[in-house]
Amino acid sequence: MEMTHLFQWLRMKISDMPKLLQVYLMVSDLEISRNFYESIIGLDPSEIGKKTCAYSMDGCELKLQTDFEPIALKAFNLNPPKEGHRGDGAVYVIRIDKNLSRLYEMMKEKIINSKGELVTEPRNVPWGESMCLVRDPDGYLIELRGNNN
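Residues numbered from 1 in each chain as written. Predicted model: local features only at pLDDT ≥ 70, side-chain atom pairs only at ≥ 80, totals over all residues. Heavy atoms only, no water.

**Student:** Can you help me understand the side chain of Asn 99 in this one?
**Tutor:** If you trace the backbone, Asn 99 turns up in strand β5 (residues 91–99). Residue class for Asn 99 comes out buried when judged on its relative accessible area of 10%. Looking at Asn 99, its side chain comes within polar contact range of the main-chain nitrogen of Ser 101, at 3.0 Å. (Helix = DSSP H or I, 4+ residues; strand = E, 2+ residues; numbered from the N terminus. Buried < 20%, exposed > 50% of the residue type's maximum accessible area, 1.4 Å probe, protein only. Polar contact = N/O pair within 3.5 Å; in protein donor to acceptor, adjacent residues only side chain to side chain.)

Written out as structure tokens, the structure is:
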């Protein structure tokens, strides 16, 4: 198979694969959550709405949304989030293109006045990166991955 046909075939196969487009988190207080994701983690919003805020990350969007009204939840047969248990069992990963140890040190100072929590310090993992765990103001667990170079 000549290279041009190989690349066309690969492109077609990749385009047939499912893609994760969005991680959607219902948050109790959009202002507090935005402060956490922007001031503490360092994300830049790509879209800001009255009740939403989105962060684009390499083809996938992290979207924060204030709780829906009960009528909207009912229309989609959804239950409201349980207070204090929003993030139970959920972990999502954000790749940071910064030195993770330096980011962690900055986060230690900034997180004091937020409702977020540093769960683990940065550590090297077998797959060649560094990672640490943080919890956002609604209890969602975030694995931050980066490097320590």
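Back to the text.
**Student:** Explanation requested: the pattern of salt bridges in the structure shown.
**Tutor:** Working definition: two side chains of opposite charge can pair if their charged atoms are close together. The final tally for this structure, using the stated rule, is eight salt bridges. The salt bridge partner of Lys 63 is Glu 47, with a shortest N-O separation of 3.5 Å. In this pair, Lys 63 sits in strand β4 (residues 60–66) while Glu 47 sits in strand β2 (residues 47–48), placing the two residues 16 residues apart along the sequence. Here Glu 105 makes a salt bridge to Lys 108, at a shortest N to O gap of 3.3 Å. (Salt bridge = Lys/Arg side-chain N within 4 Å of Asp/Glu carboxyl O.)

**Student:** Can you walk me through the layout of surface pockets in this structure?
**Tutor:** Summary: where empty space remains is shown by rolling a probe the size of a single water molecule over the atoms. A volume near 340 Å³ is recorded for the largest pocket. As for the largest pocket, its lining consists of 15 residues, and the residues nearest its centre are Met 57, Cys 60, Val 93, Ile 94 and Arg 95. A per-element tally of the lining of the largest pocket places β5 first, with six residues. (1 Å grid on protein atoms, 1.4 Å probe; cavity = no way out; pocket = protein on both sides within 12 Å on 5 of 7 lines; lining within 4 Å. Points joined across faces, edges and corners; volume = space filled by probe spheres on them.)

**Student:** What is the right way to look at the nonpolar core in this model?
**Tutor:** Side chains of nonpolar character tend, in soluble globular proteins, to be buried together. One finds Tyr 37, Ile 41, Ile 142 and Leu 144 to be the most contacted residues of the largest nonpolar core, which totals 26 residues. Going through the elements one at a time, β1 (22–27), α2 (30–40), β3 (52–57), β4, β5, α4 (100–110), β8 (130–135) and β9 (141–147) are the ones with two or more residues in this core. Ile 142 has contacts with Phe 36, Tyr 37, Ile 41, Tyr 92, Ile 94, Cys 132, Leu 133, Val 134 and Asp 136, leaving out every residue within four places of it along the chain. (Core = buried A, V, L, I, M, F, W, Y, C linked by side-chain atoms within 4.5 Å. Contact = heavy atoms within 4.5 Å.)

**Student:** What's the story with the sheet that holds β1 in this structure? I'm lost.
**Tutor:** By way of backbone hydrogen bonds, the strands of a sheet pair with one another, either parallel or antiparallel. Read from one edge to the other, the open sheet built from four strands follows the order β1-β4-β3-β2, with strand pairing classed as mixed. Lying at the two open borders of the sheet, with one neighbouring strand each, are β1 and β2. In this sheet, β3 lies alongside β2 in antiparallel orientation, the contact comprising two bridges. Directly across from Ile 48, in β3, lies its bridge partner Cys 53. (Pairing = 2+ DSSP bridges.)

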